[in-house]
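Structure assessment
Residue strings, one per chain:
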Amino acid sequence: MHVAELARLGADISIQGKSALVRGTEKLIGAPLMATDLRASASLVVAALCAEGETVISRIYHLDRGYERMETRLQS
């Protein structure tokens, strides 16, 4: 489910069976996103930090539960 969210940022990802094919891209563009689970949430945060513009990630309760004070750790 989070492949579609990463694609909203401009990531070039396609699903092939049980694998994901990820191709490089020149840049990612900020977009509104929705987190679906813990690891997906973390991947969206990393991608959003690399993207140009603003990204808003909703439904981050998985992230808050799994990575306590992630924003503080990233700032440091």
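In this report, the structure presented in the accompanying data block is examined. (Residues numbered from 1 in each chain as written. Predicted model: local features only at pLDDT ≥ 70, side-chain atom pairs only at ≥ 80, totals over all residues. Heavy atoms only, no water.)

Examining the overall build of the protein
- On a plain count of helices and strands, the protein comes out with four helices and four strands.
- The C-alpha radius of gyration computed for the protein amounts to 13 Å, which stays within 12% of the reference 11 Å derived for 76 residues, consistent with globular compactness.
- Principal-axis analysis of the C-alpha atoms gives the protein an extent of 35 × 25 × 20 Å.
- Looking at the protein as a whole, 30% of its 76 residues qualify as buried. (Helix = DSSP H or I, 4+ residues; strand = E, 2+ residues; numbered from the N terminus. Rg over C-alpha atoms; globule rule 2.2 N^0.38 Å. Buried < 20%, exposed > 50% of the residue type's maximum accessible area, 1.4 Å probe, protein only.)

Some points on the pattern of salt bridges
- One pass over the structure, following the stated rule, counts four salt bridges.
- A salt bridge links glutamate 68 to arginine 69; its shortest N-O distance comes to 3.7 Å.
- On the basis of relative accessibility, which here comes to 49%, the residue arginine 69 falls in the partly exposed class. (Salt bridge = Lys/Arg side-chain N within 4 Å of Asp/Glu carboxyl O.)

Considerations on the nonpolar core
- Core analysis: the biggest nonpolar cluster contains 12 residues, these being Val3, Leu6, Leu9, Ala11, Ile13, Leu28, Ala31, Leu33, Ala35, Leu44, Ala47 and Ala51.
- Listed by contribution, the elements that provide at least two residues to this core are helix 1 (2-8) and helix 2 (38-50).
- Among residues more than four places away in sequence, those in contact with leucine 9 are Leu28, Ile29, Gly30, Ala31, Leu33, Ala47, Ala48 and Thr55. (Core = buried A, V, L, I, M, F, W, Y, C linked by side-chain atoms within 4.5 Å. Contact = heavy atoms within 4.5 Å.)

Regarding the environment of aspartate 12
- Relative to the helices and strands, aspartate 12 resides in strand 1 (residues 12-16).
- Along the primary structure aspartate 12 and valine 22 are separated by 10 residues, whereas in three dimensions their C-alpha atoms are 6.0 Å apart.
- Residues within four places of aspartate 12 in sequence aside, it is in contact with Leu21, Val22 and Arg23.

Overview of the pairing of strand 2 (residues 19-23)
- Pairing analysis gives five bridges linking strand 1 to strand 2, with the strands arranged antiparallel. Looking across to strand 2, one finds that serine 14 is bridged to leucine 21. (Pairing = 2+ DSSP bridges.)

Some points on helix 2
- Helix length check: helix 2, at 13 residues, gives a terminal C-alpha distance of 19 Å against a target of 18 Å (1.5 Å per residue), a fit within 8%.
- Residues of helix 2 that are buried include every one of Ala40, Ser41, Ala42, Leu44, Val45, Ala47 and Ala48, and no others. (Expected span 1.5 Å × (residues − 1).)

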